[in-house]
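So you can see what is in the structure, the chains are spelled out below.
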Amino acid sequence: MSLGIYLTIALAIAASIPVIEMIANWCSRRFRPTPSWSRSAAPERLHMDQKERSQVKERVRTGGEPSWTKLDLSSMPRETQAQMTELAIGFDGRQYTYCSYRYDRLSDAINYVQLMRSRGAPGEHC
């Protein structure tokens, strides 16, 4: 009879191991120290300085990009203007356009036009 009691106790201990493991995992997650890169860590700088604040106001006022990012086509080198004309790349003061695509950088627009022309006749994909 005493052997049956020992087997019952051993079985109860074996059955409770997953529960004990679950509690241990919960405790380790709950009481783990917060890493310094997490969202709950206090940021070093909470407020914007005056220059950043004025830049944000300018973006809101102009409806997007600040006015100082707008370029003038006449300030570009003549070689660049000739290449844009040859490749049919437009410029609206902020972005370069080709067909219905818009690019922030001229190099991206040129690369795309050259890729499309290498795949087939120019102008077929517009």
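Coordinates for the structure precede this section.
Residues numbered from 1 in each chain as written. Predicted model: local features only at pLDDT ≥ 70, side-chain atom pairs only at ≥ 80, totals over all residues. Heavy atoms only, no water.

## A few points about the overall build of the chain
From N to C terminus, the chain includes four helices and three strands. The order of helices and strands in the chain, counted from the N terminus, is α-α-α-β-β-β-α. Looking at the chain as a whole, 16% of its 126 residues are labelled buried. When the accessible surface of the chain is totalled, it reaches about 10,600 Å², and 57% of it is carbon and sulfur. (Helix = DSSP H or I, 4+ residues; strand = E, 2+ residues; numbered from the N terminus. Buried < 20%, exposed > 50% of the residue type's maximum accessible area, 1.4 Å probe, protein only. Areas by Shrake-Rupley, 256 points an atom, 1.4 Å probe, with all protein chains shown as cover.)

## Structural notes on the packing of helix α3 (residues 78-87) against helix α4 (residues 106-119)
Close contact between α3 and α4 brings their axes to 11 Å; oriented N to C, the two are set at 35 degrees. Of the two elements, α3 crosses α4, and the hand of that crossing is left-handed. Contacts from T80, Q83, M84, E86 and L87 in α3 reach L106, I110, V113, Q114 and R117 in α4. Residue composition of the contact of α3 with α4, by class: five nonpolar, three polar and two charged. (Axes fitted to C-alpha atoms, helices over the stretch in contact; angles between N-to-C directions. Left-handed = near helix turned anticlockwise from the far one by under 90°. Contact = heavy atoms within 4.5 Å. Nonpolar A, V, L, I, M, F, W, Y, C, P; charged D, E, K, R; others polar.)

## Quick look at a nonpolar patch on the surface
On the surface, a cluster of nonpolar side chains totalling about 370 Å² of accessible area is made up of I5, I9, I13 and I17. Summarising the element assignment, I13 is placed in helix α1 (residues 2-30). According to the relative accessible area criterion, I13 is exposed, its value standing at 52%. (Patch = residues over 30% accessible without salt bridge, like charges linked within 9 Å, V, L, I, M, F, W, Y side chains within 5 Å. Salt bridge = Lys/Arg side-chain N within 4 Å of Asp/Glu carboxyl O.)

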